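# Summary of structural features
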Amino acid sequence: METPDIVSPEAWRQERDRLLADEKAHTRAGDRLVARRRRLPAVEFDATHRFEGPDGEVTLAELFEGRPQLIAYHAMLDPGADPCEGCSMFTDQLPQRAHLHARDTTLVLTSRAPQPEIQTLKDRMGWTVPWVTVVDEDFYRACGIEGSFGLSVFLRDGERVLRTYATEGRATEALGTVWTLLDLTPLGRQETWEDTPDGRPQGPPYAWWRLHDEY
């Protein structure tokens, strides 16, 4: 394996300072992007979409648990299917929800799989995040979910539910610390799409992902 060039502490600090300036600019650009996200218009959403939870049927409005904001991650778990390694890695990285609750935000996962299959996976992985079964397929159609994964953000205003944000694909990486931490290292994610110096290990993207008890 090729290692980085070895330089003096002073030369390293100069290079690090130049990178730091770009990182600060990237942070400020990210702040501007987040500000734009807060100013997105909303679309009204049917608050009566139905789901099955561990204690029975609930509506979209009830998923808020009385809070005004709801983040819903649409995980790939169909009835009888194997769990998605990427969605499982995402779920491993979810934060302590008390921090979200302190800012009036509820987090929930949705899937097509029935509750017994979801609970079996949660027990195996040690997850406690609320995870409901989509009963009303119109919900996924309205969200634009066609058998992949995605994320939606909703706001509740009295009896009304508004969808304020949605994303999918690599945009969801910002929610996970595994990718962020690997991006700090000289070897990176070790995937072929990365711009990496010659001689560093690389392999097909996603191929190394596993459920955490399968490594």
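The structure contained in this document is the topic of the report that follows. (Residues numbered from 1 in each chain as written. Predicted model: local features only at pLDDT ≥ 70, side-chain atom pairs only at ≥ 80, totals over all residues. Heavy atoms only, no water.)

### Observations concerning the pairing of strand E5 (residues 105-111)
- Of all 7 residues that make up E5, 7 are buried, and the element is covered over most of its length.
- Bridge count for strand E4 (residues 69-74) against E5 is 6 bridges, and the pairing is parallel. Within E5, the position partnered with Tyr73 by the bridge is Leu109.
- Relative to strand E6 (residues 131-134), E5 runs parallel, the two being bridged by 3 bridges. Looking across to E6, one finds that Thr110 is bridged to Val132. (Buried < 20%, exposed > 50% of the residue type's maximum accessible area, 1.4 Å probe, protein only. Helix = DSSP H or I, 4+ residues; strand = E, 2+ residues; numbered from the N terminus. Pairing = 2+ DSSP bridges.)

### Quick word on the side chain of Thr105
- On the secondary structure map, Thr105 appears in strand E5.
- By relative accessible area, which is 8% here, Thr105 ends up buried.
- The contact partners of Thr105, leaving out residues within four places of it in the chain, are Arg67, Gln69, Ile71 and Leu100. (Contact = heavy atoms within 4.5 Å.)

### Some details on the nonpolar core
- Ranked by size, the top nonpolar core spans 20 residues in total, and within it Tyr73, Leu109, Leu121 and Trp131 carry the most contacts.
- For this core, the secondary structure elements donating two or more residues are helix H3 (85-92), E5, helix H5 (115-125) and strand E7 (150-157).
- When residues in this core are grouped by element, the largest group, 3 residues, is from H5.
- What Trp131 contacts, discounting residues up to four positions off in sequence, is Ala75, Leu77, Val108, Leu109, Thr110, Ser111, Gln115, Ile118, Leu121 and Lys122.
- Residues Ala47, Ala61, Ala72 and Val108 belong to the second largest nonpolar core, which totals 18 residues. (Core = buried A, V, L, I, M, F, W, Y, C linked by side-chain atoms within 4.5 Å.)

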